[in-house]
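# Observations on the three-dimensional arrangement
Here are the chains, one letter per residue:
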Amino acid sequence: MSLFTLTHTDGSARRGHLTTAHGVIQTPAFMPVGTQGAVKALTAQHLEDVGAEIILGNTYHLYLRPGDELIARRGGLHKFIGWSRPMLTDSGGYQVFSLSDRRKIEELGVHFRSHHDGSAHLLTPEKAVEIQANLGSDIAMVLDECPALPSTPAIIDTSLELTARWARRCRNRFLELKGEGKGHAQFGIVQGGTFPELRQKSAELTVSIGFDGYAIGGLSVGEPNETMYQVVEQTVPFLPVSQARYLMGVGTPIDLVEAVARGIDMFDCVMPTRNARNGQLFTSEGPLNIKNARFAEDDEPVDPACGCYTCRRFSRAYLRHLFMAGEMTGGTLNTLHNLSFYLDTMRRIREAIAFGRFEDFRQSFHRTFTRRALIS
Ligand SMILES: [Zn+2]
């Protein structure tokens, strides 16, 4: 059975769904990030209430604490965290490259030290697959090398070739485990920095291995937005039409709209949840900072156009008070709103594609979303 079903196209934008062991995900989809087996400040019930169809778990964090084997003994990550809908896990590579100490990359894998206690670990492609199988994710990612940008074409080329060799080993181990009834679907990752010919090469190498879907990695690491959009546009033509395309770690609401316009089906980003805890709330007219003194006696909801629990019940004045007082409830209410905004934006995107109105939606989104950014 194919994981991805494409149901509508509108320009390069695509509407479809993913069928996984834990249910169906409508695409384009946004995946809230549950770094340590929890989307920060929320319960599984909240996530169901805001309509999250899939969440992302971070392999690096869960492997180090509490450990993938401990989670496997509890019946897997879904059971452990009380979430019965689909889950995607990353390979752990990104955090190894961004968080850990004293890492050393070799053909075999990457040696690193835990950022908790300095303990030594070796993450191989096979090990990354095994950890994700222990977690029981519906969609697992291959281990890739994430070179820092900007970088030279020669360095990126050497790196993407290593990533392709690792991807082959990940696929082999995945298929072995799948034969034993462990593991559901696995995505390859295209690297290649900001060089079109290297993106093409990485896409061709990865697609030739044959995965259940393809991610574009190595973006949203500080490059200008326009560069990211260009790389997506240049990479997508080398990915199979019949399989899902996932843009990792992206992005702002505008980024989501622009990447969908270029043929992306899936996203994850900490932005809605992290920014919520820092007091930045996304609205249909752009972001607002709830810390701002002008909200102290503002009885309006965060976004009058939003139907979420936070906006139905509470004023900006109350949310500002909770933030200033450092109340945990503020983080929860802000996160509920931001995730509602992101998931509602995805729903509107899907509807626009299905009705052949995506370009109108895109232009109107740009006009309204940037309005407040100009005044605050
Ligand atoms: Zn709201």
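Residues numbered from 1 in each chain as written. Predicted model: local features only at pLDDT ≥ 70, side-chain atom pairs only at ≥ 80, totals over all residues. Heavy atoms only, no water.

## Notes on the coordination of the zinc ion
Stated formally: The donor set comprises N, O and S atoms within 2.8 Å of the metal, extended to 3.2 Å for Na, K and Ca; water molecules are omitted, so apparent gaps in a site may simply reflect that omission. Sites are called tetrahedral only when four donors show all angles between 85 and 135 degrees, square planar or octahedral only when four or six donors show opposite pairs over 155 degrees and all other angles between 65 and 115, and irregular in any remaining case. Note on exposure labels: buried denotes an accessible area under 20% of the residue type's maximum, exposed denotes more than 50%, and partly exposed covers the range between, all computed with a 1.4 Å probe on protein chains only.
The protein atoms that coordinate the zinc ion are C306 (SG), C308 (SG), C311 (SG) and H337 (ND1), at distances of 2.1 to 2.3 Å. Because the angles between the four donor atoms bound to the zinc ion fall within 99 to 117°, the donor set is best described as tetrahedral. Written as a sequence motif, the donor residues of the zinc ion are C-x1-C-x2-C-x25-H. Summarising the burial analysis for this pair, C308 and C311 share the class buried.

## Topic: empty space enclosed by the protein
The criterion, for reference: Residues are said to line a cavity or pocket when one of their atoms sits within 4 Å of a point; the points come from a 1 Å grid over protein atoms alone, cavities being sets where a 1.4 Å probe fits but cannot get out and pockets being open sets with protein on both sides within 12 Å along at least five of seven lines. Grid points are joined across faces, edges and corners, and a volume is the space filled by probe spheres set on the points. Put simply, DSSP H or I for four residues or longer makes a helix, DSSP E for two residues or longer makes a strand, and each gets a number counted from the N terminus. Note on residue categories: nonpolar means Ala, Val, Leu, Ile, Met, Phe, Trp, Tyr, Cys or Pro, charged means Asp, Glu, Lys or Arg, and polar means any other residue, Gly included.
Summed over the entire model, instances satisfying the criterion amount to one cavity of 30 Å³ or more. Counted as a void, the largest cavity has a volume near 40 Å³. Of all the elements, helix α2 (residues 59–64) adds the most residues to the lining of the largest cavity, at three residues. Of the residues that constitute the lining of the largest cavity, the class distribution is six nonpolar, three polar and no charged.

## Focus on the environment of S284
This is how the line gets drawn: Residue contacts are counted whenever heavy atoms from the two residues lie within 4.5 Å of one another.
Mapped onto the fold, S284 is located in the loop between β16 (280–283) and β17 (286–289). Here the alpha-carbon distance between S284 and L3, two residues 281 residues apart in the chain, equals 32 Å. Residues in contact with S284, not counting those within four places in the same chain, are D303, A305, F341, T368 and F369.

## Some points on the nonpolar core
Rule in force here: Each nonpolar core is a collection of buried residues, namely Ala, Val, Leu, Ile, Met, Phe, Trp, Tyr and Cys, held together in the definition by side-chain atoms within 4.5 Å.
Counting residues in each nonpolar core, the largest one holds 105 residues, and the members touching the most others are Y246, F267 and F358. The contacts of F358, once residues within four sequence positions are left out, are D10, A13, V257, V260, A261, I349, A352 and I353.

## Digging into helix α8 (residues 196–209)
Put simply, the test is: For a helix, the expected span equals 1.5 Å multiplied by the number of residues minus one. This arc is built from the directions going out from the helix axis to the C-beta atoms.
Taking 1.5 Å per residue, 14 residues should reach 20 Å; α8 reaches 20 Å between its end C-alpha atoms and fits that length. Those residues of α8 not exposed but buried are L198, R199, S202, A203, T206 and I209. Each buried residue of α8 lies within a common arc of 135° when the element is viewed along its axis, so the set occupies one face. Residue G210 follows α8 closely and has a positive phi angle near 90°.

## Considerations on the layout of surface pockets
Considering only enclosed or pocket space, the largest pocket measures out at about 860 Å³ in volume. Of all elements in the fold, only α5 (93–98), α9 (225–235) and α11 (271–277) reach the threshold of two or more residues within the lining of the largest pocket. Ranked by the residues each element gives to the lining of the largest pocket, the list is headed by α11, at four residues. Taken together, the residues of the lining of the largest pocket break down into 16 nonpolar, 15 polar and eight charged. The volume enclosed by the second largest pocket comes to roughly 260 Å³. Looking at the second largest pocket, it is lined by 19 residues, and the ones nearest its centre are V50, G51, S340, L343 and D344. Broken down by secondary-structure element, the contributors of at least two residues to the lining of the second largest pocket are β3 (23–27), β4 (29–31) and α14 (328–354). A total of six residues in the lining of the second largest pocket trace back to one element, the largest contributor, which is α14.

## A few points about the packing of helix α10 (residues 253–260) against α14
Rules: Where helices are involved, their axes are fitted lines through C-alpha atoms of the stretch in contact, as for all axes, and angles between N-to-C directions lie from 0 to 180°. Should an angle fall under 35 degrees it is taken as roughly parallel, and over 145 as roughly antiparallel, whereas 65 to 115 is taken as roughly perpendicular and any remaining angle as oblique. In a left-handed crossing the near helix is turned counterclockwise from the far helix by less than a right angle, and in a right-handed crossing that turn is clockwise.
Relative to each other, α10 and α14 sit at 25°, their axes nearing to 11 Å. When the axis of α10 is compared with that of α14, the two are roughly parallel. As for the relative orientation of α10 and α14, their crossing is right-handed in sense. Across the interface between the two elements, P253, L256, V257 and V260 of α10 pack against F341, Y342, M346, I349 and I353 of α14. Grouping the constituent residues of the contact of α10 with α14 by class yields nine nonpolar, no polar and no charged.

## Structural notes on the pairing of β3
Selection rule: Here the rule is simple: two strands pair whenever DSSP picks up at least two bridges between them.
When strand β2 (residues 13–20) meets β3, the two strands line up antiparallel, connected through five bridges. Within β3, the residue paired with L18 across the bridge is I25.

## Side note on the sheet that holds strand β9 (residues 109–113)
An order of β8-β9-β10 is seen for the three strands of this open sheet, with the pairing classed as antiparallel. The open sheet has two free edges, formed respectively by β8 (101–106) and β10 (120–123), since each of these has just one partner strand. For this sheet the average axis-to-axis angle between neighbouring strands, irrespective of direction, equals 15°. Note: β9 against β10, four bridges, orientation antiparallel. By the bridge assignment for β10, H111 is matched with L122. Sheet contacts for helix α6 (residues 125–135): β9 and β10; angle to β10, the most-contacted strand, approximately 95°.

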